[in-house]
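Observations on the three-dimensional arrangement
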Amino acid sequence: MSLHFVLDPELTPELRERIVALWVDVTNAGGAVGFVAPVTAADVRRLADPTLAAIADGPDRLLLGYADDRLVAALIFCDNRFDLKAHWCVLKRVMIHPDTQGHGYGLALMREAERLGRDMGYAALHVTVRDGLGLDRFYRRLGYREIGRLPGALRVAPGDDRDEILMWRDLPPAA
């Protein structure tokens, strides 16, 4: 089953709840999207509410991926809010529902983000990755390169500090 994508959907109350549910499921399956498991919808809403407000009111943009009518993928194009950085953006909260992993949805989501990034005029995309989960290998296969690390920047538990890996993908013009 392939994904179809929606950029800048109307953030209805129902869609907001679906996004929070995806976020909870991804986190509780071990995903690195701003929390450490276990989390509840109430935990996630503390971050989701201002995040979704920055999308609804601009300047951030939301990309959702659906398998049929089921929300299974999401990411946010975060505006840098700084004119000297307007030519690139940060991708945040890159999520694939855990029970759909292994179907190529992550690759499809990131390729769609690259295509849209070019259409939006971006010269590059930036992601940050929590070390220790192997996520950097996924992004490397997609053409991202490590450009730095913040050592011990993420405290996932007492005595368990992880590097935050900074990754970058130039977006050459489409062939």
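Below, the structure is looked at part by part. A quick note: this is a predicted structure, and the numbers were derived from the prediction, not measured. (Residues numbered from 1 in each chain as written. Predicted model: local features only at pLDDT ≥ 70, side-chain atom pairs only at ≥ 80, totals over all residues. Heavy atoms only, no water.)

Right, let's talk about the sheet that holds strand 2 (residues 61-67) for a bit. Strand order across the open sheet formed by 7 strands is 1-2-3-4-5-7-6, with mixed pairing between neighbours. Two strands close off the open sheet at either side, each with one partner strand: strand 1 (4-7) and strand 6 (145-157). The mean angle between the axes of side-by-side strands here comes to 25°, regardless of whether they run parallel or antiparallel. Relative to strand 7 (residues 160-170), strand 5 (residues 124-130) runs antiparallel, the two sharing 7 bridges. Across the sheet, residue arginine 130 finds its bridge partner in strand 7, namely glutamate 164. Against the sheet, helix 1 (residues 13-28) engages strand 2, strand 3 (70-78) and strand 4 (88-96), with an angle of about 90° to strand 3. (Pairing = 2+ DSSP bridges. Helix = DSSP H or I, 4+ residues; strand = E, 2+ residues; numbered from the N terminus. Axes fitted to C-alpha atoms, helices over the stretch in contact; angles between N-to-C directions. Contact = heavy atoms within 4.5 Å.)

This next bit is on helix 1. The end-to-end C-alpha distance of helix 1 is 22 Å, a good match for the 22 Å that 16 residues give at a rise of 1.5 Å each. Along helix 1, the residues that are buried comprise Leu15, Ile19, Val20, Leu22, Trp23, Val24, Val26 and Thr27. Where helix 1 is buried, its residues contact helix 2 (41-56), strand 2, strand 3 and strand 4. A positive backbone phi angle near 105° is found at glycine 30, which sits one or two residues after helix 1. (Expected span 1.5 Å × (residues − 1). Buried < 20%, exposed > 50% of the residue type's maximum accessible area, 1.4 Å probe, protein only.)

By secondary structure assignment, the location of glutamate 114 is in helix 3 (residues 105-119). Assessed through its relative accessible area of 3%, glutamate 114 is described here as buried. Here the alpha-carbon distance between glutamate 114 and glutamate 10, two residues 104 residues apart in the chain, equals 22 Å. Discounting chain neighbours no more than four positions away, the residues touching glutamate 114 are Leu125, Leu142, Tyr144, Arg169 and Leu171.

Let us look at the pairing of strand 7. A regular strand places its side chains so that they alternate between the two faces of the sheet. Note: strand 6 against strand 7, 8 bridges, orientation antiparallel. Across the sheet, residue arginine 145 finds its bridge partner in strand 7, namely tryptophan 168. Counted between consecutive antiparallel strands, the loop separating strand 6 from strand 7 contains 2 residues, among which glycine 159 sits at a positive phi close to 80°.

One pass over the full model with this rule turns up 4 aromatic pairs. Considering the side-chain rings of phenylalanine 138 and tyrosine 139, the 5.1 Å spacing of their centres and the 75° angle between planes classify their relative orientation as edge-to-face. Looking at phenylalanine 138, the relative accessible area reads 22%, which means it is partly exposed. Measuring from centroid to centroid gives 5.5 Å for tyrosine 139 and tyrosine 144, while their planes differ by 80°, and the two rings are edge-to-face. An aromatic cluster of three or more residues is present, and its members are Phe138, Tyr139 and Tyr144. (Phe/Tyr/Trp six-rings, centres within 6.5 Å; stacked < 30°, edge-to-face > 60°.)

Take it as geometry only, folks, not as evidence of what the structure does.
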